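# Chains, contacts and geometry: an overview
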Amino acid sequence: MAKPTTPRPSRAKAKAAAPAAGADHNRPRPDTPKDYKATKEELLEFYRQMVLIRRFEEKAGQLYGLGLIGGFCHLYIGQEAVAVGIQSALQPGKDSVITGYRDHGHMLAYGIDPNVIMAELTGREAGISRGKGGSMHMFSVEHKFYGGHGIVGAQVSLGAGLGFAHKYNNDGGVCVAYFGDGAANQGQVYESFNMAELWKLPIIFVIENNQYAMGTSVNRSSAEDQLYRRGESFRIPGIQVNGMDVLAVRGATEEALKWVQAGNGPILLEMKTYRYRGHSMSDPAKYRSREEVQSMREKSDPIEGVKKYLADLGVLEDELKKIDQDIRKIVSDAADFAETSPEPELHDLYTDVLVEQY
């Protein structure tokens with residue numbers, strides 16, 4: 001049976017569809033980003049934050065296995081360089097952040113107390129959403145962290161709204177809206193792109209492309225799998241970034257911030273990253289081989305990459321071991337705090353349902 005062929009436009013049609021000569025040639029473009037030149041102190045802080053996320057998520061996985069965390073739980077193990085690299089360039093309290101349900105790592109990178117994050121995971125009253133949000137619905141107005149959203153792609157439209165608020169209030173802030181390669185095919189994403197470019201909103205759209213969405217590889221689910229190009233039809237420039245290298249991420253973020261803060265409107269960053277665990281704790285990840293995951297761990301691990309940078313600067317292994325020990329204690333204390341904190345009172349079922357009490 002003959003394979004169907006894709007019809008091609010005639011020369012006349014192709015010519016008619018082409019843009020007028022020079023129509024876009026004079027439009028500004030962001031500069032090609034360079035790896036961030038971090039000091040030794042900055043690199044040590046990047047290392048500390050990524051190890052904190054890694055150990056915190058490992059502990060969350062353990063608590064989930066023990067039944068202390070219920071519902072869905074999506075771990076960030078392997079993707080640490082994205083949140084740390086981007087959010088180290090932001091101004092807490094000024095710039096806003098919104099993401100999907102894989103949100104623990106972003107909160108930690110934004111300096112939010114591990115105790116209240118772990119307490120939220122375990123459904124305790126001391127949690128950052130008072131135990132009522134759990135893994136997928138964390139929130140902190142104080143830190144301008146607006147979730148934590150369970151509906152795939154919903155945060156992108158809300159992020160456009162946050163960008164609009166920054167522009168309306170003229171507060172100099174920028175919104176960073178994270179979403180995944182799976183959400184990149186949602187229709188509301190493109191409605192948000194269109195409005196963001198029309199209104200020149202100060203927003204950075206970040207696609208965390210961990211290459212499998214829920215369980216289908218991006219090149220099987222996306223006709224255009226170079227996701228940094230997804231904004232082109234809206235005249236939004238895109239940059240593809242090695243999301244396993246924190247210095248590459250930070251460098252691209254610096255360039256993106258410069259673009260947005262100059263009043264050029266939105267920009268899109270595609271972070272090529274990788275998650276080591278399944279989509280969620282209930283996912284056995286049979287759609288990829290153990291050899292593939294192990295290869296990524298050995299060749300591209302973001303934490304090991306920073307260790308090499310630090311070694312080049314003369315940082316000794318003993319100094320890193322001390323950081324690791326301190327982080328393990330922080331995470332252990334957070335787990336103890338969560339396990340010993342009380343659950344919400346019954347009357348809390350009726351709070352925060354509506355804006356006002358009735």
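Owing to the predicted nature of the structure, the values given are computational and were not obtained by experimental measurement.

What counts, and where the lines are drawn
Residues numbered from 1 in each chain as written. Predicted model: local features only at pLDDT ≥ 70, side-chain atom pairs only at ≥ 80, totals over all residues. Heavy atoms only, no water. Helix = DSSP H or I, 4+ residues; strand = E, 2+ residues; numbered from the N terminus. Rg over C-alpha atoms; globule rule 2.2 N^0.38 Å. Buried < 20%, exposed > 50% of the residue type's maximum accessible area, 1.4 Å probe, protein only. Contact = heavy atoms within 4.5 Å. Areas by Shrake-Rupley, 256 points an atom, 1.4 Å probe, with all protein chains shown as cover. Lys, Arg positive; Asp, Glu negative; His and termini not counted. Charge placed at Lys NZ, Arg CZ, Asp CG, Glu CD. Salt bridge = Lys/Arg side-chain N within 4 Å of Asp/Glu carboxyl O. UniProt positions renumbered as here; feature names shortened; annotations may be inferred. Pairing = 2+ DSSP bridges. Core = buried A, V, L, I, M, F, W, Y, C linked by side-chain atoms within 4.5 Å.

## A word on the overall build of the chain
Helices and strands together make up the secondary structure of the chain, namely 12 helices and five strands. Taken over C-alpha atoms, the radius of gyration comes to 21 Å for the chain, in line with the 21 Å a tight globule of 358 residues would show. Principal-axis analysis of the C-alpha atoms places the extent of the chain at approximately 75 × 60 × 55 Å. Expressed as a percentage of its 358 residues, the buried residues of the chain come to 50%. Sequence-distant contacts, at least 24 apart, represent 75% of the contacts inside the chain between residues at least 6 apart. Looking at the chain as shown, the accessible area adds up to about 18,200 Å², and 52% of this sits on carbon and sulfur atoms. Averaging the locations of the 42 positively and 47 negatively charged side chains of the chain gives two centres separated by 9 Å.

## Observations regarding the pattern of salt bridges
As enumerated under the stated definition, the model contains 15 salt bridges in all. Across the salt bridge formed by Arg130 and Asp348, the nearest N and O atoms sit 2.7 Å from each other. Residue Arg130 is located in the loop between helix H5 (114–121) and helix H6 (154–169), and its partner Asp348 is located in the segment after helix H12 (317–340); the two are separated by 218 residues in the primary sequence. For Arg130, a relative accessible area of 31% gives the class partly exposed. Notably, a salt bridge pairs Lys329 with Asp333, separated by 2.8 Å at the nearest N-O pair. You can see Lys329 and its partner Asp333 sitting in helix H12, four residues apart, about one turn around the helix. Because the salt bridges share partners, they merge into one network encompassing Asp31, Glu255 and Lys258.

## Focus on the UniProt feature "domain: Dehydrogenase E1 component" (unreviewed entry) in the chain
Under the feature "domain: Dehydrogenase E1 component" (unreviewed entry), the UniProt entry names residues 48–345. Annotated as residues 48–345, this span is 46% helix and 9% strand, and its ends, taken at the C-alpha atoms, are 36 Å apart.

## Looking at the pairing of strand S2 (residues 175–180)
The element S2 is extensively covered by neighbouring structure, given that five of its six residues are classed as buried. Of the strand pairs in this sheet, strand S1 (residues 96–98) and S2 are connected by three bridges, and their pairing is parallel. Bridge pairing in S2 places Val97 opposite Val176. As defined by bridge partners, S2 adjoins strand S3 (residues 203–209) across six bridges and the pair is classed as parallel.

## Points about unusual backbone geometry
Omega for the peptide link from Gly147 to Gly148 comes to 15°, which places this bond in the cis form. Counting through the fold element by element, Gly148 comes out in the loop between H5 and H6. One non-glycine residue, Arg130, lies in positive phi territory at about 60°. Positive phi outside glycine occurs at Asp352, with the angle close to 65°. One can find Asp352 in the segment after H12. For Asp352, a relative accessible area of 57% corresponds to the exposed category.

## Focus on the nonpolar core
One recurring pattern in soluble globular proteins is that nonpolar side chains are buried together. In this structure, Tyr47, Ile86, Ile117, Ile204, Val246, Met271 and Leu310 are the most contacted members of the largest nonpolar core, which totals 73 residues. Take this core: its biggest share by element is 11 residues, from helix H2 (residues 40–65). Look past the residues within four positions of Tyr47 in its chain and what remains in contact with it is Ile303, Val306, Lys307, Leu310, Leu320, Ile323 and Asp324. Residues Leu162, Tyr190, Leu201 and Ile236 belong to the second largest nonpolar core, which totals 23 residues.

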